[in-house]
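The residues making up each chain are set out below.
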Amino acid sequence: MIRSRLPALALALTALGCTGAAQPAQLTPSPTASPATSPTPEASPTQSDGTLQILAYRGYAEYGGISPQANWTGTFEKATGCRLARIDTVQTPEEMSARLRTRAYDLVAAGPVVAAEMIGAGQVQAIDTDRVEGYDDIPERLRDLLTVGDTVYGVPFLWGYHEFLYDTRRTTGGDLADVFGSDRVMLRDSPLTLADAALAGGAGHPFELDAEQLEEAAGRLAAPEERTLWANQLDLVKGFATGSVDYAQATPHLRELLVKARLPVKAVSARKVTGWADSWLLGAGVTATDCAYRWLGRMIEPGTQRDAAAWNGLAPANTKACKGRARSVCEAYGATRSHRLDRVVFATRPPGDCLPPKGECTDYAAWSQRWRELIE
């Protein structure tokens, strides 16, 4: 039976190889990329001379070097007169945090964990949204994720959420409790998976957990050796193709690819799901900001958003991009349906009165430590 699916499965694997990383998430090291339009990056260019140094996840600032279909920054220099002096790419939040400890960047495309770290460390500056063309086209729910009080610290770029898939040949699905009670489930290798475990236990705010709640969530993940983790999307596809898993944590885009590969998977019914948004942040040391704001505007214009969403398999922040090649991605996530967005519990840093010393919420460092203890 598996043999008959191999041609279609090969197509799905090929698609995954072309779409970058659907991460928080959302999360394999990648080489540093330099845009084709910038010959030799200078070691330490200054932003005041019209240059930009950028740090992003792989697939977020593409210039056509991998595929002609992935080129939404290649014409930026010619159109604006600004220069992309350096584009560094990473694959995980941990790699991004490590890179930020070695140098400063003008613009960073970060997920919720790194964004919270940068805001807390004073590494970013407030954004004047009046200078970001198209900012109002982004749903308020996404805009609020990096707004503290009246101060905006990030411009949403792409977002996604996780659902749990099940093999209809082996199980009837059930609910989240059934998923975490199974010893044949493949989970994403990320500390944020603890939030899904907390949600399965009935937590109202799965990203705001005290020490006891964090331990309860970890308890649901302390499982037999049969339970596996995935960091590479291909592992997840192979898990279902070979029948080695009954359940797996995935994104709606991955579900679509599995269905196209004629694998009998469906999503477990859930009232809430955990999600994340990756946003562009402006470095605190940037003084001449004209080119930076032109970049922010370029990153949320419909054309850029359409191409980036289709390439990465994540939903665009700007719903005007939900056409052409991005239509199927938008439909998978329900990007244009407000009720679908409402069911997503987005990863955010706990509010100030919840974190120590004022509150009882655990921080991401505690989540990372507990996760390492679980998987080692």
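Above this text is the structure in question.
For clarity, every value in this text was computed on a predicted model and none was experimentally measured.

Across the sheet, which stays open at both edges, the five strands sit in the order β9-β8-β10-β7-β11 with mixed pairing between neighbours. Both outer strands of the open sheet, β9 (228-230) and β11 (265-267), are each paired with one neighbouring strand and no more. Looking at each pair of strands side by side, their axes are set apart by 30° on average, direction ignored. Here three bridges tie strand β8 (residues 185-188) to β9, and the two strands are oriented parallel to one another.

Okay, the state of the cysteines next. Inspection of every chain in the model, using the stated rule, returns three disulfides. In this model, Cys 82 is linked to Cys 291 through a disulfide, with the two sulfur atoms separated by 2.1 Å. Here Cys 82 and Cys 291 share a disulfide; its torsion about the S-S bond, -90°, makes the bridge left-handed. In this pair, Cys 82 sits in the loop between α2 (76-80) and β2 (83-90) while Cys 291 sits in helix α11 (residues 290-299), placing the two residues 209 residues apart along the sequence. The pair formed by Cys 82 and Cys 291 is uniform in burial state, with each residue classed as buried. Paired by a disulfide, Cys 322 and Cys 330 hold their sulfur atoms 2.1 Å apart.

Once that is clear, we can look at the environment of Met 299. Positionally, Met 299 belongs in helix α11. Residue Met 299 is classed as buried on the basis of its relative accessible area of 0%. C-alpha separation for the pair Met 299 and Ala 317, spaced 18 residues apart in sequence, amounts to 9.9 Å.

Cut-off values and rules
Throughout, residues of each chain are indexed from 1 in the direction in which the sequence is written. Per-residue local features are limited, in this predicted model, to residues with pLDDT of at least 70; the limit for side-chain atom pairs, both in listing and counting, is 80 or more; totals at the level of whole chains, interfaces and linings are taken over all residues. To obtain the side-chain values, all non-hydrogen atoms of the structure were used and water was disregarded. Strand pairing is assigned whenever DSSP identifies at least 2 bridges connecting the two strands. Counting from the N terminus, the helices are the DSSP runs of H or I reaching at least four residues and the strands are the DSSP runs of E reaching at least two. To obtain each axis, a line is fitted to C-alpha atoms, and for helices this fit is confined to the stretch in contact; angles are then taken between N-to-C directions over 0 to 180 degrees. Two cysteine sulfur atoms make up a disulfide if the distance between them is within 2.5 Å. When a residue's accessible area, from a 1.4 Å probe over protein chains only, is under 20% of the maximum for its type it is buried; when over 50% it is exposed; and in between it is partly exposed.

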